[in-house]
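Structure at a glance
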Amino acid sequence: THFHIDVWSPDANDFKIKLVDFGANTVYGGGDDTEHEITFPAPSTETWISYDIPLSDFTSLSSTEHLAQLIMVKAPMGKMFIDNVFYYGNGLSLSL
């Protein structure tokens, strides 16, 4: 039900997370792929920030049953350090 990530950055640029679901056929470009990107404006610098994001916030995903790609971007550019990446909910968790 949720996606968790901890992020640390020395510079104040936007941070983006994109999830891609390959659909029921589990094949990239299979015609049923969906994706959604969320932008977090310039987070605080030089401190760890925890994000707990409901998967329902990724509104353009038609499903989260076949998540195949996790794309993280520091825009327009910059450094970021990532830790504790996992999905959780309903008593289950999956670490990446």
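Treat the numbers as computed from the prediction; the structure is a model and nothing was measured.

Side note on the nonpolar core
- Among the nonpolar cores identified, the biggest contains 16 residues, and Phe3, Ile5, Ile17, Tyr51, Ile53 and Phe58 are the most heavily contacted of them.
- Elements represented by at least two residues in this core include exactly strand 1 (2–8), strand 2 (14–21), strand 3 (34–40), strand 4 (49–54) and strand 6 (81–89).
- Look past the residues within four positions of Phe3 in its chain and what remains in contact with it is Ile17, Tyr51, Asp52, Ile53, Leu55, Leu70, Val85, Phe86 and Tyr87.

Thoughts on the sheet that holds strand 3
- The three strands are arranged 3-2-5 in an open sheet whose pairing can be described as antiparallel. Of all the strands in the sheet, just strand 3 and strand 5 (67–75) have a single pairing partner and so form its edges. Strand after strand, the sheet turns through a mean of 15 degrees between neighbouring axes, direction not considered.
- Two strands pair when backbone bridges link them, and strand 2 and strand 5 are joined in this way by eight bridges, in the antiparallel orientation. Looking at strand 5, one finds that Ile17 is bridged to Met72.

Calculation notes
Residues numbered from 1 in each chain as written. Predicted model: local features only at pLDDT ≥ 70, side-chain atom pairs only at ≥ 80, totals over all residues. Heavy atoms only, no water. Core = buried A, V, L, I, M, F, W, Y, C linked by side-chain atoms within 4.5 Å. Buried < 20%, exposed > 50% of the residue type's maximum accessible area, 1.4 Å probe, protein only. Helix = DSSP H or I, 4+ residues; strand = E, 2+ residues; numbered from the N terminus. Contact = heavy atoms within 4.5 Å. Pairing = 2+ DSSP bridges. Axes fitted to C-alpha atoms, helices over the stretch in contact; angles between N-to-C directions.

Fair warning: the whole summary comes from geometry, so function is off the table for now.
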